[in-house]
Amino acid sequence: MLESTIAVTSSPDSSSAPAGPARGSLVIVSSPSGAGKTTLTRRLLADHDTLDFSVSYTTRTQRPGERDGIDYHFVDKPTFDRMVAGGELAEHFVVHGNHYGTARAPIDDAIRRGRDMIFDVDYQGAQALASQWPADSVRIFILPPDLKTLASRLRTRATDSDEVIERRLRKAIEELRHFVDYDHLIVNERLDEAYDVLRAIYLTRRYGPHDRDDVALPLAELAARVEANRARDPQAHARRLIDEPHG
Ligand code: 5GP
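Presented here is an overview of the structure given in this document.

Criteria and cut-off values
Residues numbered from 1 in each chain as written. Predicted model: local features only at pLDDT ≥ 70, side-chain atom pairs only at ≥ 80, totals over all residues. Heavy atoms only, no water. Phe/Tyr/Trp six-rings, centres within 6.5 Å; stacked < 30°, edge-to-face > 60°. Lys NZ or Arg CZ within 6 Å of the ring centre and 35° of its normal. Buried < 20%, exposed > 50% of the residue type's maximum accessible area, 1.4 Å probe, protein only. Helix = DSSP H or I, 4+ residues; strand = E, 2+ residues; numbered from the N terminus. Arc of directions from axis to C-beta. Contact = heavy atoms within 4.5 Å. Near = heavy atom within 4 Å. Polar contact = N/O pair within 3.5 Å; in protein donor to acceptor, adjacent residues only side chain to side chain. Areas by Shrake-Rupley, 256 points an atom, 1.4 Å probe, with all protein chains shown as cover. Nonpolar A, V, L, I, M, F, W, Y, C, P; charged D, E, K, R; others polar. Pairing = 2+ DSSP bridges. Axes fitted to C-alpha atoms, helices over the stretch in contact; angles between N-to-C directions.

### A word on the packing of aromatic side chains
Considering all chains together, one arrives at three aromatic pairs under this definition. Here the aromatic residues Tyr72, Phe74 and Tyr100 are joined through ring pairs into a cluster of three or more. The ring of phenylalanine 53 has arginine 42 lying over it, and the distance from NZ or CZ to the ring centre is 4.3 Å. The ring of tyrosine 195 has arginine 43 sitting right over it, with the charged end atom 4.3 Å from the ring centre.

### Points about helix H1 (residues 37-47)
Looking only at H1, the buried set comprises Lys37, Leu40, Thr41, Leu44 and Leu45. The buried residues of H1 all sit within an arc of 135° when viewed along its axis, so they share a single face. Next to the buried residues of H1 lie strand E1 (26-30), strand E2 (51-53), strand E7 (116-120), strand E8 (137-143) and helix H7 (191-207).

### Re the site of the ligand
Residues in close proximity to the ligand total 16 residues, the closest being Ser56, Arg60, Tyr72, Tyr100 and Asp120. One of the side-chain nitrogen or oxygen atoms of tyrosine 72 is found 2.5 Å away from an oxygen atom of the ligand. A distance of 3.2 Å separates an oxygen atom of the ligand from a polar atom in the side chain of threonine 102. Relative to its unbound accessible area of 510 Å², the ligand is 91% covered by the protein chains. Breaking the shell around the ligand down by element, the ones donating at least two residues are strand E5 (89-95) and strand E6 (98-103). Among the residues making up the shell around the ligand, the classes are represented as five nonpolar, five polar and six charged.

### As for the sheet that holds strand E3 (residues 56-58)
On the basis of which strands lie adjacent, the open sheet formed by four strands has the order E4-E3-E6-E5 and mixed pairing. Taken across any chain shown, the strands that pair with only one partner, and hence form the sheet edges, are strand E4 (72-74) and E5. In this sheet, neighbouring strand axes are inclined to one another by 25° on average, regardless of whether the strands run parallel or antiparallel. Strand direction decides the pairing type here: E3 and E4, joined by three bridges, are parallel. By the bridge assignment for E4, threonine 58 is matched with phenylalanine 74. Along the sheet, helix H4 (residues 123-132) contacts E5 and E6; its crossing angle with E5, the most-contacted strand, is approximately 165°.

### Some thoughts on the pairing of E8
With respect to burial, E8 is a largely interior element, seven of its seven residues being buried. Residues Ser137, Arg139, Phe141 and Leu143 point to one face of E8 and Val138, Ile140 and Ile142 to the other, with burial holding for every one of them. Both E8 and strand E9 (residues 184-187) contribute to a ladder of four bridges, which runs parallel. Of the residues in E9, the one forming a bridge with isoleucine 140 is histidine 184.

### Quick notes on unusual backbone geometry
For residues besides glycine, phi is generally negative; the peptide bonds are generally trans as well. The phi torsion at histidine 96 lies on the positive side, around 50°, for a residue other than glycine. Looking at where histidine 96 falls in the secondary structure, it is placed in the loop between E5 and E6. In this structure, aspartate 233 is a non-glycine residue whose phi angle is positive, near 55°. As for its placement among the helices and strands, aspartate 233 is situated in the loop between helix H8 (219-231) and helix H9 (234-243).

So far we have only geometry, and geometry alone does not tell us how the molecule works.
What follows is the structure in structure tokens.
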């Protein structure tokens, strides 16, 4: 496995002018809940200061441990509606009965400054963002190894009833059906391996597939990792998951 800490040659003010392209990218990550998306995206963010998290707006209630303004902007429905009416949101949808939306201004700003943004959005949000920034977006879908694992992850994360778990599982399978819209699929069987693929996708997207003097990273090796992931045919895995009996 590659070293987790990476050194990238950049200008003294790396927060505004990181090494890499003049234009930033939208790194859009979706998955059914329970597939490990949050863990993977948070780790990528922690390891790369060229990347900012897109903090969504939501009308859902804040969960214990969540921080307003960091995990989400928690807003009431009238505030959300005002943002929609004012054209402030690049996309907004109802997910699991709550409203979620992505602000437009931080995206334009990041792209212009050459910074990348990572989005944790559902398939509808992913489609909407990629259709507005087609050349700037890379879409990544995280898959669970199997539905049994997904169900047990859903069970351990909440104190919900069997009925709620079953509903989430059905919803997860529905989400899985949209895998075809994504540029990359990653099967999260072992977290470290899934992370290595995610990071390779991100870094080769930012810096290209060839080693560079100003980037102290084996980019060609990372590009090979992305190809190896494709060659494993994660699409077939996704199709099997959708067809798998789930009670
Ligand atoms: P949760 O409420 O569990 O954090 O998220 C529920 C779902 O909403 C997840 O699939 C998450 O990716 C999605 N989501 C979070 N923020 C946004 C957003 O701004 N737009 C869209 N379309 N989906 C979002």
